[in-house]
Amino acid sequence: MKSFKNKVAAITGAASGMGRTLAVELARRGCNLAISDVNDAELVKTAELASQHGVRVTVRKLDVSKRDEVYAWADEVVRDHGKVNLIFNNAGVALTAPIEHMKISDFEWIMGINFWGVVYGTQAFLPHLKASGEGHIINTSSLFGLMAVPTQGAYNASKFGVRGFTEALRMELDMEGACVSATCVHPGGIATNIANAGKVDPIMEKLTGQSVDAHKRRANKLINVTTAESAALQILEAVENNERRVLVGNDAKKLLWPSGRPGSLIGNWANWWGAGRPSPPALSSSTACRCTCGTPARARTTCPSCCCTACRPACTPTRAGRRRCRPNTASSVWIYPALA
Ligand SMILES: NC(=O)c1ccc[n+]([C@@H]2O[C@H](COP(=O)([O-])OP(=O)(O)OC[C@H]3O[C@@H](n4cnc5c(N)ncnc54)[C@H](O)[C@@H]3O)[C@@H](O)[C@H]2O)c1
């Protein structure tokens, strides 16, 4: 979609963070809006900000995990605006809990919003997008939809699910030659309210010796990489260029850059989980790190001596842009053997 002017965009989770900045930026470009969220007080503030750009904005209090509500909203948007061209399935929540102890009710809660909310939003809006003659579906996954980290198993499952669903959808739309396309969004750390609003299982206090508040403070530091305003610009550029996948923020981009080290967000997250825990069991010879310290790397990708994920945080670029291994001494570098 080359221009957003005079189009109609529906956005879920628009009361905060990237949903709000997407709404304001689209309004600035002349796009009319239908915005929704469970938090209607903050949603009205987004509507006020967007309306200043002279576009039409309608609001709906909506829980994306409620299928009937999402379908009814899609019909309502078309009734109110005459058409709809874009759906941003953006609403999402966070959960920090190790899988062994995670409450199934919490797992169902996050899947209901992050995964099923995206499925409902896609199916409810797709016929209307086709009817508009030019449409785009933008589904928000995550960097954690590309890479798993400890304590984020439920979030990982929801976001990996969004990725698979959206990539298959994009292929189907391409094969069909449809007038609708789809983009999967993978933000790295974005400074929004997600950590404050998320759930941290109280078991985390026992396992790490850190309070729930300390976990949220730590998570806020980790996501303070890219602003929500910059994220919105990157997402809209990807829609304009009809990209299949957009990595938002330098941390997310580095993950897949051939010459980059793994995203610092991932390394930090995993190291933090390892910090303060008892020493790990010795890795078996099949998974043991075979880093030969000081060996200069010749490959462009990761250091050839770094055979496991646990070693990579210790792998630093040399001045020549190559990579060199340092000893993997600190127990805090330990990550679950399963990640190695
Ligand atoms: N911030 C990050 O670092 C980051 C990284 C990767 C992916 N994401 C994803 O980006 C999306 C936007 O999150 P954000 O960072 O802007 O967070 P945010 O907390 O600032 O905004 C999320 C919005 O979703 C709304 N919401 C929550 N549950 C809802 C429900 N059941 N129905 C409707 N709305 C609901 C919230 O009220 C909030 O307004 C989410 O899908 C999130 O998982 C965020």
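Residues numbered from 1 in each chain as written. Predicted model: local features only at pLDDT ≥ 70, side-chain atom pairs only at ≥ 80, totals over all residues.

With that out of the way, let us pick up the overall build of the protein. Per the secondary structure count, the protein includes 11 helices and 13 strands. A buried classification covers 45% of the 340 residues belonging to the protein. Sequence separation of 24 or more characterises 69% of the internal contacts of the protein that already satisfy a separation of 6 or more. (Helix = DSSP H or I, 4+ residues; strand = E, 2+ residues; numbered from the N terminus. Buried ≥ 20, exposed ≤ 12 C-beta atoms within 10 Å, placed from the backbone. Contact = placed C-beta atoms within 7 Å.)

With that settled, the discussion passes to the confidence of the model for the protein. Scored by pLDDT, the protein has a mean of 83; 75% of the residues are at 70 or more. Considering only residues more than four positions removed or in separate chains, one finds that residues 258–263, a stretch of pLDDT under 50, has 17 contacts. With pLDDT under 50 throughout, residues 278–311 is counted as low confidence; its partners more than four residues away or in other chains account for 67 contacts. (pLDDT = per-residue confidence, 0-100.)

Turning to the site of the ligand, a few remarks are in order. As a matter of local geometry, the ligand sits amid 31 residues, with Gly13, Ser16, Gly17, Gly92 and Thr192 nearest to it. Elements represented by at least two residues in the shell around the ligand include exactly helix 1 (17–28), helix 4 (104–132) and helix 6 (194–197). Per element, the largest residue contribution to the shell around the ligand is three residues, and it comes from helix 1. Looking at the shell around the ligand, its residues break down into 14 nonpolar, 15 polar and two charged. (Near = placed C-beta within 6 Å. Nonpolar A, V, L, I, M, F, W, Y, C, P; charged D, E, K, R; others polar.)

Okay, helix 2 (residues 40–51) next. Taking 1.5 Å per residue, 12 residues should reach 16 Å; helix 2 reaches 16 Å between its end C-alpha atoms and fits that length. Listing the buried residues of helix 2 in full gives Leu43, Thr46, Ala47 and Ala50. Buried residues of helix 2, viewed axially, fall in a sector of 100°; they line one side. Opposite the packed face of helix 2, turned more than 90 degrees from it, sit the exposed residues Ala41 and Glu48. Where helix 2 is buried, its residues touch helix 1, strand 2 (32–37) and strand 3 (57–61). (Expected span 1.5 Å × (residues − 1). Arc of directions from axis to C-beta.)

Phi is positive for asparagine 6, close to 65°, though the residue is something other than glycine. With respect to the helices and strands, asparagine 6 occurs in the segment before strand 1 (8–11). Judged by the 10 C-beta atoms lying within 10 Å of it, asparagine 6 is exposed. Positive phi, normally seen in glycine, also occurs at asparagine 242, with a value near 50°. Assignment of secondary structure puts asparagine 242 in the loop between helix 9 (228–240) and strand 11 (245–248). Residue classification places asparagine 242 among the partly exposed positions, given that 14 C-beta atoms sit within 10 Å.

Another aspect to go through is the sheet that holds strand 7 (residues 180–187). Pairing is parallel across the open sheet formed by seven strands, whose spatial order is 3-2-1-4-6-7-11. Edge positions in the sheet fall to strand 3 and strand 11, since each has one partner strand and no second. Each adjacent strand pair in this sheet contributes to an overall mean axis angle of 15°, direction not counted. Those strands touched by helix 9 are strand 6 (135–140), strand 7 and strand 11, and its axis lies near 160° from that of strand 11. (Pairing = 2+ DSSP bridges. Axes fitted to C-alpha atoms, helices over the stretch in contact; angles between N-to-C directions.)

All right, on to the packing of helix 4 against helix 5 (residues 153–176) then. In the contact formed by helix 4 and helix 5, the axes pass within 9 Å of each other and the chain directions differ by 15°. Taken together, the axes of helix 4 and helix 5 lie roughly parallel to each other. Judged by the sense of rotation from one axis to the other, the crossing of helix 4 with helix 5 is right-handed. On the side of helix 4, the interface is formed by Asp106, Phe107, Ile110, Met111, Asn114, Phe115, Val118, Val119 and Thr122, while helix 5 contributes Ala154, Tyr155, Ser158, Lys159, Gly161, Val162, Phe165 and Leu169. Looking at the contact of helix 4 with helix 5 residue by residue, the classes come out as 11 nonpolar, four polar and two charged. (Parallel < 35°, antiparallel > 145°, perpendicular 65-115°, else oblique. Left-handed = near helix turned anticlockwise from the far one by under 90°.)

This paragraph deals with helix 3 (residues 67–81). Under the 1.5 Å per step criterion, the end-to-end length of helix 3 is 22 Å for 15 residues, consistent within 8% with the ideal 21 Å. By the burial criterion, the buried members of helix 3 are Val70, Trp73, Ala74 and Val77. Within helix 3, the buried residues cover an arc of 105° as seen down the axis, which keeps them to one side. Exposed and facing more than 90 degrees away from the buried side of helix 3 are Asp68, Asp75 and Arg79. Of the residues flanking the end of helix 3, it is glycine 82, one or two places downstream, whose phi is positive at about 85°.

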